[in-house]
2 protein chains.
Amino acid sequence: MKIIVDAMGGDNAPLEIVQGALAAARARPGLEIVLVGREAEVRAAAGPGLPSGVSVVNATEVIDMHDDPARAFRNKPDSSITVGLTMLRDGQGDAFVSAGSTGALFSAGTLIVKRIRGIRRAAMAPLVPTAGRGVVLVDCGATADCTVEYLLQFAYLGSFYAARALRVDNPRVALLNIGTEDTKGDALRLETYAALKAAGEAGHLNFTGNIEAKEAVKGGCDVVVADGFTGNVMLKTIEGVGSFLGKELKGMFMKSLKTKIAALLVRDGLNQFKERLNPDTVGGTPFLGLQKPVIKAHGASKAKAIENAVYQAVTAVEADLAGQIEANIGLMKMSR
Amino acid sequence: MKIIVDAMGGDNAPLEIVQGALAAARARPGLEIVLVGREAEVRAAAGPGLPSGVSVVNATEVIDMHDDPARAFRNKPDSSITVGLTMLRDGQGDAFVSAGSTGALFSAGTLIVKRIRGIRRAAMAPLVPTAGRGVVLVDCGATADCTVEYLLQFAYLGSFYAARALRVDNPRVALLNIGTEDTKGDALRLETYAALKAAGEAGHLNFTGNIEAKEAVKGGCDVVVADGFTGNVMLKTIEGVGSFLGKELKGMFMKSLKTKIAALLVRDGLNQFKERLNPDTVGGTPFLGLQKPVIKAHGASKAKAIENAVYQAVTAVEADLAGQIEANIGLMKMSR
C-alpha cells in the first residue's frame, strides 16, 4: 500500500509533516510513503537517508491561506495538493493525507479525485471526542446548504465509515435536531427524518431517531447526521468550550502554592484529560464520498498527528468504503 | 412594579418557585409579586402568612410536558400560564416569570401577550456563559426556520436587550457563521450578512461581522445572531460539553486518596468553576419581541434561580425594551 503525503500543508510543514510520515514508514515495514513537496525542503526535513519505502516527488508550489480555496489547485498546478491528488487519481498511490487548507483540499479532491457516481456531495466526517468512543459527525462543514438527499447520503457514508473503518458494530445513526420527537426541527429536518426512518425500517441503516447536541456529546449515538453549517457550529462549539474550560481550569490550578500542589497530585489525570481533547491523538478527518480516500489532518498537526493520519489512511484503504458505497448507491438516491 | 409568577411551572413547583418568589419580595421592599396557581398548594408552599406585597391568584389547571405546546394554553384556560399571561396582557402585572414548558409558554406568550407590531417572530435570548461576561444568543430555539428579516430583527432585539437590560455599552453584534470572511456560510447567512452590514454602516447596530462558534464561546462578541435551529444546537452543545467535562473531572478527582486530597486543595476554585456553569445563577431566558416581558426560568430551577429570574423581570420592565423596539421598528423591516 502506498500513502501520498502533502509535505507542504499545515502550520508546521514541512518538518513535522515529514517526520510524522517517516515515523509511520518506520513503524509499519512494507508501507510505502510518497512525500510531495519542494524536494530540497522535504529532503532537508527528512535528514540524511530516506527509510526504505519512502520517496519524494517534487512539487514547486504551495497552496496557502491566501489562495482562493475553490481555484487554488488550478491556479497552482504544481502545488503539492494538485500533484498529490492527481497521483492518487492516476493510481500512483492509494490514499492522500494533507494538513493544508481544508477548502482547497475539498475542492481539489472533489474535482480531481471526483465523487463516487451518484453521490451528490462529499462530506467531512471527524470523530468528535465524547463520553464513550466518540461520534462521527457528518457533515462538519464541507456543504453548508443541504437537501434531504444530501443528508440521507451523509447518513449512509457515516454509517459505512463507522462500521468498516472504525469497526463499530451496527452503528447507531441519529439526526442532529432540536428535540427528539419526530415533529421537531426545521423543514429540512422533518423531511430528512422521514427519509431516514424509512431507511431504518427497511433495514438499511440503524437509524435511532433525532438526537439533541447535548446527548450526542454524551455519546448517545455513533454517527450524527447534520448539514455542514450546523455540524460546523457544533464542532467549533465543542472546541471553544474545551478551550474555555481548559483555561479556567489552568487558572484554578495556578492560583496559589496550595492549588499548584493539587495540580501535581492529579498530574496524571490532567494529562489524560488533555489527551482526550488533543487533536493530535484524535487524528484526521476523512472526506467521505470520493472515489479514493483523502484524509485532512488538523492544520496545527505535529509529527504524531501526521503519523496517526497516515494510519487512518491505511485503515480507510483497507476498509474499501468506495466499493461499499458503489454497491449500495441505489439506496441513496431519492426520486423527485 | 408587579411581577406575576407561575407557581406551578417547572420540576420543583410549587415549593421552590414560591420560596424563590418570596425571597425576592423580602429582599426588595415595594416589589409586588402575584403567585398564580392552585391556591391551596401555593399557600401551603408559602407557609403561614404571606409577606406584604405578595398575593395569590387561583388557577386550577397545570400545563405539563404531556400537553401539546401549541394548544395547551387554550385546552387549559384555567392553567397558571394562561391566567398569568392574560393578567399580564390586561395590565394586572408588569412581567411574567415561568419555569414551565418552554413551547407552551412561547406559544401562549405570542398569542396572548402578542408580539410588538412589525416583529415577525419572538426570540429566546439566553445569556450564555463564556470567557468574559457572557454572550446573548438570539434565537436559541424558538424559531427553527428563519428568514433574513427574522435574523435582522433578532440582531436588533439582542442588541437592545444587551444594552438596556444587561448594560453592555455599544454591544458587539455578530452573525454566527462557519468562517469570518463575508463569503462564508449558507444562502441565509450570505444575505443576512449583507443586511447586518448595511445596518452597521448606517450606525444602527454595532455589527462586527461573522463569528465562528469557537470565538463566540471565548467571548468574542456580546450578541450572537442565529436561526433557532443552529442557536439551539450551539446552546445544547455547550451544555453537553460542560456536563461531559465536568464528569471527567469528577472522575479524575475521585480516583485515589491522593487525588481526593487535591480536590480538597482546589475546593474553592472548583466551586467557582461549577458556579459559572450553573443555570441557577445564570438566570432565566427572556422572550424578546413580545409587548411585555416574559421570562422563562430553567425547568430545573430551585428557589435561588426563581429569585434571580424575578430580578431579571424587574430589570426587563425598567429597561422598557418594548418601547425602544417600537420606536425603531422601521429599521427592522425589509422590503421585498
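The rules behind these values
Residues numbered from 1 in each chain as written. Chains lettered and ligands numbered in written order. Predicted model: local features only at pLDDT ≥ 70, side-chain atom pairs only at ≥ 80, totals over all residues. Heavy atoms only, no water. Helix = DSSP H or I, 4+ residues; strand = E, 2+ residues; numbered from the N terminus. Buried < 20%, exposed > 50% of the residue type's maximum accessible area, 1.4 Å probe, protein only. Areas by Shrake-Rupley, 256 points an atom, 1.4 Å probe, with all protein chains shown as cover. Lys, Arg positive; Asp, Glu negative; His and termini not counted. Charge placed at Lys NZ, Arg CZ, Asp CG, Glu CD. Least-squares fit on C-alpha atoms with pLDDT ≥ 70 in both. Contact = heavy atoms within 4.5 Å. Salt bridge = Lys/Arg side-chain N within 4 Å of Asp/Glu carboxyl O. Nonpolar A, V, L, I, M, F, W, Y, C, P; charged D, E, K, R; others polar. Core = buried A, V, L, I, M, F, W, Y, C linked by side-chain atoms within 4.5 Å. Pairing = 2+ DSSP bridges. Axes fitted to C-alpha atoms, helices over the stretch in contact; angles between N-to-C directions. Left-handed = near helix turned anticlockwise from the far one by under 90°. Phe/Tyr/Trp six-rings, centres within 6.5 Å; stacked < 30°, edge-to-face > 60°. Lys NZ or Arg CZ within 6 Å of the ring centre and 35° of its normal. Disulfide = S-S within 2.5 Å.

Student: Would you mind going over the overall build of chain A in detail, with residue names and values included?
Tutor: A tally of regular secondary structure across chain A gives 14 helices and twelve strands. If one aligns the C-alpha atoms of chain A with their principal axes, the spans along those axes are about 60 × 60 × 35 Å. Residue burial in chain A is summarised as follows: out of 336 residues, 55% are buried. Total accessible area on chain A stands at roughly 13600 Å², and carbon and sulfur atoms take up 50% of it. Separation of charge centres in chain A, based on 38 positive and 35 negative side chains, amounts to 3 Å.

Student: Quick rundown of the relation of the copies chain A and chain B? Include the residues and the values.
Tutor: In screw terms, the move from chain A to chain B is a rotation of 180 degrees and a rise of 0.0 Å along the axis, fitting with an RMSD of 0.1 Å. Here the symmetry operator amounts to a two-fold rotation axis. Looking at the rotation axis and the C-alpha trace of chain A, the residue lying nearest is A:Ala262, at 2.1 Å. Both copies share a contact surface, since 100% of the interface residues of chain A are interface residues in chain B too.

Student: Tell me about the side chain of A:Thr259, and please be specific about residues and values.
Tutor: Structurally, A:Thr259 can be placed in helix H10 (residues 257–265). Judged by relative accessible area, which is 7%, A:Thr259 ranks as buried. If we skip the residues at most four places from it in the chain, A:Thr259 touches A:Met252, A:Phe253, A:Met254, B:Leu265 and B:Val266.

Student: Account for the interface of chain A and chain B, with residues named and values stated.
Tutor: With 50 residues of chain A at the contact, the number on the chain B side is 50 residues. For B:Glu212, the salt bridge goes to A:Lys236, with nearest N and O atoms at 2.2 Å. The dominant element in the side of chain A that touches chain B, judged by the number of residues it contributes, is helix H9 (residues 228–253) of chain A, at 19 residues. Considered class by class, the residues forming the side of chain A that touches chain B number 25 nonpolar, 13 polar and twelve charged.

Student: Explain the pattern of salt bridges to me, using residue names and the numbers behind them.
Tutor: Residue and element names in this part refer to chain B. Applying the stated criterion to the full structure yields 30 salt bridges over all chains. Between Arg-38 and Glu-41 there is a salt bridge; the shortest N-O distance is 3.6 Å. Between Glu-307 and Lys-304 there is a salt bridge, and its shortest N-O distance comes to 3.6 Å. Residue Glu-307 and its partner Lys-304 are both found in helix H13 (residues 303–319); the two are separated by three residues, about one turn of the helix. We classify Glu-307 as buried; its relative accessible area is 12%. Overall, Lys-304 belongs to the partly exposed group, its relative accessible area being 47%.

Student: Account for the nonpolar core, naming residues and giving values.
Tutor: Within the largest apolar cluster, 110 residues are counted, with the highest numbers of intra-cluster contacts made by A:Leu85, A:Phe253, B:Leu85 and B:Phe253. With residues near it in sequence (within four places) discarded, B:Phe253 still touches A:Phe253, A:Val266, B:Thr259, B:Lys260, B:Ala262, B:Ala263, B:Val266 and B:Leu270.

Student: Account for the sheet that holds strand S7 (residues 135–138) of chain A, with residues named and values stated.
Tutor: Residue and element names in this part refer to chain A. If you walk across this open sheet you meet the five strands as S6-S7-S10-S8-S9, and the pairing is mixed. Looking along the sheet, the strands with just one partner apiece sit at the ends: strand S6 (127–128) and strand S9 (207–211). Both S7 and strand S10 (residues 223–225) contribute to a ladder of three bridges, which runs parallel. Bridge assignment links Leu-137 to a residue of S10, and that residue is Val-224.

Student: Tell me about the packing of H9(A) against helix H9 (residues 228–253) of chain B, and name the residues and values.
Tutor: Axes are the key here: two packed helices are described by the angle between their axes and the distance separating the axes. Packing of H9(A) against H9(B) leaves a shortest axis separation of 9 Å and a crossing angle of 40 degrees. Judged by the sense of rotation from one axis to the other, the crossing of H9(A) with H9(B) is right-handed. Packed against H9(A), whose contacting residues are A:Phe229, A:Thr230, A:Val233, A:Met234, A:Thr237, A:Ile238, A:Val241, A:Gly242, A:Leu245, A:Leu249 and A:Phe253, the element H9(B) presents B:Phe229, B:Thr230, B:Val233, B:Met234, B:Thr237, B:Ile238, B:Val241, B:Gly242, B:Leu245, B:Leu249, B:Met252 and B:Phe253 at the interface. Partitioned by chemical class, the residues of the contact of H9(A) with H9(B) number 17 nonpolar, six polar and no charged.

Student: Please provide a residue-by-residue account of unusual backbone geometry, values included.
Tutor: One can expect most non-glycine residues to show negative phi and most peptide bonds to be in trans. In the segment running from A:Val138 into A:Asp139, the intervening peptide bond is cis, with an omega of 5 degrees. Along the polypeptide, A:Asp139 turns up in the loop between S7 and helix H6 (148–164). A positive phi angle, close to 55 degrees, is found at A:Arg167, a residue other than glycine. Mapped onto the fold, A:Arg167 is located in the loop between H6 and strand S8 (173–176). One non-glycine residue, B:Lys114, adopts positive backbone phi at about 75 degrees.

Student: Describe in detail the packing of aromatic side chains, supporting the description with residues and values.
Tutor: Per the stated rule, a full pass over the model turns up seven aromatic pairs over all chains. Over the ring of B:Phe229 we find A:Arg189; its NZ or CZ atom is 3.8 Å from the centre of that ring.

Student: Report on the sheet that holds strand S3 (residues 54–58) of chain B, specifying residues and quantitative values.
Tutor: Residues and elements named next belong to chain B. The strand order across the open sheet formed by seven strands is S3-S2-S1-S4-S12-S11-S5, and the pairing between neighbours is mixed. For this open sheet the edge positions go to S3 and strand S5 (123–124), each flanked by a neighbour on one side alone. The pairing of S5 with strand S11 (residues 285–288) spans two bridges and is antiparallel. For Ala-123, the partnering residue across the bridge sits in S11 and is Leu-288. Across the sheet, helix H5 (residues 102–113) touches strand S4 (95–98), S5, S11 and strand S12 (294–296), and the angle it forms with S12 is around 175 degrees.

Student: Break down the pairing of strand S8 (residues 173–176) of chain B for me, with residues and values.
Tutor: Residues and elements named next belong to chain B. Inspection of the sheet shows S8 paired to strand S9 (residues 207–211) by four bridges, in the parallel sense. Across the sheet, the residue bridging to Leu-175 is Asn-210, located in S9. Bridge analysis of S8 against strand S10 (residues 223–225) gives three bridges, and the strand direction is parallel. Paired with Val-173 across the bridge in S10 is Val-223.

Student: Describe the side chain of A:Ser159, with residues and values.
Tutor: Note on placement: A:Ser159 falls in helix H6. Among all residues touching A:Ser159, those that are not within four sequence positions of it are A:Pro171, A:Val173, A:Leu205 and A:Val223.

Student: Hey, could you go over helix H4 (residues 80–89) of chain B for me, with residue numbers and the actual values?
Tutor: Of all ten residues that make up H4(B), eight are buried, and the element is covered over most of its length. Remark: B:Gly91 follows H4(B) within two positions and exhibits a positive phi of approximately 85 degrees.

Student: Tell me about the state of the cysteines, and name the residues and values.
Tutor: Working definition: the covalent bond between the sulfur atoms of two cysteines is a disulfide. The tally for this structure, following the rule as stated, stands at zero disulfides over all chains. Just so you know, A:Cys221 is unpaired, no disulfide at all, and the nearest cysteine sulfur is the one on A:Cys140, 15 Å from it. On the accessibility criterion, A:Cys221 (1% relative accessible area) is buried. Here B:Cys140 stays free of any disulfide, with the sulfur of B:Cys146 as its closest cysteine sulfur at 11 Å.

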